[in-house]
Amino acid sequence: MDVAAELDASMPSRQEGIVMAQQEQKKGQMTVEEAGRKGGETVRDERGSEFYSEIGHKGGQRVRELIEEGKQAEEEQGGGSKQ
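Residues numbered from 1 in each chain as written. Predicted model: local features only at pLDDT ≥ 70, side-chain atom pairs only at ≥ 80, totals over all residues. Heavy atoms only, no water.

Caption draft 1: Local environment of the pattern of salt bridges. Scanning the model with the defined rule gives four salt bridges in all. Between Arg 44 and Asp 45 there is a salt bridge, with the nearest N and O atoms lying 3.2 Å from each other. Overall, the relative accessible area of 57% leaves Asp 45 in the exposed class. Of the charged contacts in the structure, one is a salt bridge between Arg 62 and Glu 69, with a shortest N-O distance of 3.8 Å. Accessibility expressed as a relative area gives 43% for Glu 69, which makes it partly exposed. (Salt bridge = Lys/Arg side-chain N within 4 Å of Asp/Glu carboxyl O. Buried < 20%, exposed > 50% of the residue type's maximum accessible area, 1.4 Å probe, protein only.)

What follows is the structure, given as structure tokens:
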């Protein structure tokens, strides 16, 4: 067997290389999705589901304020189309 054939035989296939890389990644790192899920579960456990209601309500109020500010700014600039 020549040197090139020996190297080919000892190297992993592309699929084997992908699997090996995925296994290495899982050893010490987590994906963004896994981190988000873990963080969400921690918040839920520490603060309870009521927390999500409260921050959703606050966010909705802020959006309402921003829309109103935008409408006032349009009126001050003398325009904006009314729909």
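Caption draft 2: A look at the packing of aromatic side chains. Tallied over the full model, the rule gives one aromatic pair. Here the aromatic rings of Phe 51 and Tyr 52 are separated by 5.8 Å at their centres, their planes lie at 70 degrees, and the arrangement is edge-to-face. Judged by its relative accessible area of 38%, Tyr 52 is partly exposed. Here Arg 47 stacks its cationic end above the ring of Phe 51, 4.7 Å away from the centre of that ring. (Phe/Tyr/Trp six-rings, centres within 6.5 Å; stacked < 30°, edge-to-face > 60°. Lys NZ or Arg CZ within 6 Å of the ring centre and 35° of its normal.)

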